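Survey of secondary and tertiary structure
Residues per chain are reported as follows:
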Amino acid sequence: MKKIKIALRNLTLLTLLLSSFIACDKDFANIDSDIINNDNATHFETGSRKFDVIAYTKALEPIQTNALPLNLLGVYTEDPGSNYGRSTASFVSQIRGNTTDPDFGTNPIIDSVVLTVPYFSTPTGVDSNGRTEFNLDSIFGNSPINLSIYESNYFLRDFDPNAPELGSPQNYYANKSTGSNLISNEQLEGQLLYQNTNFKADPIQIILTEGEDEIEARLSPAMRIKFDDVIVQQFWQEKIIDMAGQTELSNINNFNDYFRGIYFKAEPNITDDPGQLMLLNMTSNSSSIIIYYTKDAFTEGADRVKTAYTFNFTGNRVNFIANDFTISNGNETTGDENLFLKGGQGSIAEIKLFGGDDLDSDNLTDNTFELFKKEFVETDDNGNFISSKKLINEANLIFYVNQNEVNEGEPNRIYIYDMNNNIALADYFFDTANTIFPEFSRSNHLVPLEREDNEATGDGIRYKIRITEHLNNLILRDSTNVKLGLSVSVNVNLEGASVQYDLLNDNDDDKVPVSSILTPRGTVLYGNNTLEEEKKLYLEVFFTEPNN
């Protein structure tokens, strides 16, 4: 089926572009031709060529981590012997009540306070007790961590007072920085609300009961924490319930300054286990802190009324990511033997097609890109397209995994993008998105990792990236030969509508894809400078040309 789709797609391209050729023994079919027919099919032949590229590792400066669609929490350790060590991710988030200036009634007293953050999960069946069984998604690692939850004393502001333009949003970075100031642990770690030195995500369905036997609700697996310590309950009573009617709760701005947020802090546990890292959707309505309390009834002598007040994690949120390893930058001139791709606060690869050359004003000599363009199309003196000489059927970048440098856990997807404009390539938008199973989304352009024996846990062999439309834009539509970026990706669908995220450096144009930030995975790929010729990175171009 896949071959049929590719064939149909190539035939469509041929049909659209036949107008560029002249029907004769030495040229392409007439502009009026709709298909390659018996009269002109023999005038064409297919071929392929490999073109050199330059690719090198680029270690990322501190990445922007506010306003992420999802958040990382936990500890992730690569297998021993890998090039990457341990990454630790924590985050701080503002919270917002379901109403401002709340009225908690007469004589309100807290019964319990419960924090809930659902995991990404998939139901797999039902056990003998009628309990739904789940597999957890977006969980990396399987060892306990030390999880602490604090009231934060750090104010997450909306706007940057140091920005040259008034009203510029405040960016926050993975290294606990605003770009001008560092955020200290003392500012983040206020009142301790919860601590578990052996925390681990649990795939068990949560069953809520009323009394001993009556089932009230069934919940999907979640981080569900009951703040049942007496001191902590008193904290919520005094901090929230007893403040009813005060200016601190009267509006959002006052509240954000009064209650500055919740800080989720992850650390390795006492036995220094490899850990577990979770990808969490804090924007979900199900992610909440609920204060259950009772108040006096309106009718004298009646039972007290049970009710609740809900906070969601709305507002500013910032991830902090720390590594215990470093990544070195590669050679921008010659390219690298190996390309090191690492998610989170990690690294990407930069790729220069045709040595990074573009059209220039020198009419006496042709650079690498101009030679390529003249091989495939006729151009005027300014390099603008006139007509085609060869039709590009397919263009690929093949990245082989260096299994001597990785120890399992390779990401299934990598992502390529235009670094000059910080957007996906044209091929991304031509391809089909799969929102139900994102691991198969846009798989013609971004082919998932090919593994040994096609096993889900098999060693990675190679990634294929098709950039056919991108190359056609270069030669047919006079697009700029931009520098390309390559990163790991937790979900390529995130790149369709998301802006890319800033890097803390002096170049405002440097960005990083969000789907790379949201995964701890890493891999090592053979570059253009490897001595293993069969695994060397090239640009492969398959084409059709007149049979002269």
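Each remark here, short or long, concerns the structure printed above.
Definitions and limits used
- Residues numbered from 1 in each chain as written.
- Predicted model: local features only at pLDDT ≥ 70, side-chain atom pairs only at ≥ 80, totals over all residues.
- Heavy atoms only, no water.
- Helix = DSSP H or I, 4+ residues; strand = E, 2+ residues; numbered from the N terminus.
- Buried < 20%, exposed > 50% of the residue type's maximum accessible area, 1.4 Å probe, protein only.
- Contact = heavy atoms within 4.5 Å.
- Lys, Arg positive; Asp, Glu negative; His and termini not counted.
- Charge placed at Lys NZ, Arg CZ, Asp CG, Glu CD.
- Core = buried A, V, L, I, M, F, W, Y, C linked by side-chain atoms within 4.5 Å.
- Pairing = 2+ DSSP bridges.
- Axes fitted to C-alpha atoms, helices over the stretch in contact; angles between N-to-C directions.
- Polar contact = N/O pair within 3.5 Å; in protein donor to acceptor, adjacent residues only side chain to side chain.
- Parallel < 35°, antiparallel > 145°, perpendicular 65-115°, else oblique.
- Nonpolar A, V, L, I, M, F, W, Y, C, P; charged D, E, K, R; others polar.

Within the chain, the regular secondary structure consists of 8 helices and 33 strands. The principal-axis extent of the C-alpha atoms belonging to the chain is close to 100 × 60 × 50 Å. Across the 548 residues that make up the chain, the buried fraction comes to 48%. Contacts in the chain between residues at least 24 apart in sequence constitute 75% of all its contacts with a sequence separation of at least 6. The average position of the 42 basic charges and that of the 81 acidic charges among the side chains of the chain differ by 2 Å.

Below, the discussion takes up the nonpolar core. Counting residues in hydrophobic clusters, the biggest one holds 70 residues, and the most contacted among them are Leu353, Leu397, Phe399, Leu471 and Leu539. Setting aside residues no more than four positions away along its own chain, Leu397 makes contact with Val53, Leu353, Ile416, Tyr463, Lys464, Ile465, Ile467, Leu537, Tyr538 and Leu539. Membership of the second largest hydrophobic core comes to 43 residues, among which are Ile145, Met278, Tyr309 and Phe313.

As a further point, take the sheet that holds strand 1 (residues 44–51). Here 5 strands make up an open sheet; going across it, the order is 1-33-24-28-27 and the pairing antiparallel. Whereas interior strands pair on both sides, the edge strands pair on one side only; in this sheet they are strand 1 and strand 27 (446–451). Strand-to-strand, the axes of this sheet are offset by a mean angle of 20 degrees, without reference to chain direction. In this structure, strand 1 lies alongside strand 33 (residues 539–546), joined through 8 bridges in antiparallel fashion. Pairing of Thr46 across the sheet is with Thr544, part of strand 33.

Among the residues of helix 5 (residues 368–376), those classed as buried are Phe369, Glu370, Phe372, Lys373, Glu375 and Phe376. Those residues of helix 5 that are buried lie in contact with strand 1, strand 22 (377–379), strand 23 (385–388), strand 24 (391–400), helix 7 (468–476) and strand 33. One side-chain oxygen at the N-terminal end of helix 5 lies 3.1 Å from the backbone nitrogen of Phe369; it belongs to Asn367.

Right, let's get into the sheet that holds strand 17 (residues 288–295). Across the sheet, 5 strands lie side by side as 5-18-17-6-14; this open sheet has antiparallel pairing. Each edge of the open sheet is held by one strand with a lone partner, namely strand 5 (96–97) and strand 14 (222–226). Of the strand pairs in this sheet, strand 17 and strand 18 (residues 305–312) are connected by 8 bridges, and their pairing is antiparallel. Directly across from Thr294, in strand 18, lies its bridge partner Lys306.

So, about the pairing of strand 19 (residues 317–323). In terms of residue burial, strand 19 counts as a mostly covered element, since 5 of its 7 residues are buried. Note that strand 4 (residues 86–93) and strand 19 share 7 bridges and pair antiparallel. If you follow Phe91 over to strand 19, its bridge partner there is Asn319.

Remark: helix 5 packs on helix 7, axes separated minimally by 10 Å, with the N-to-C direction vectors making an angle of 90 degrees. Comparing their axes, helix 7 and helix 5 come out roughly perpendicular. Contact residues: helix 5 offers Phe369, Phe372, Lys373 and Phe376, while helix 7 offers Leu471, Leu474 and Ile475. When grouped by side-chain class, the residues that make up the contact of helix 5 with helix 7 number 6 nonpolar, no polar and 1 charged.

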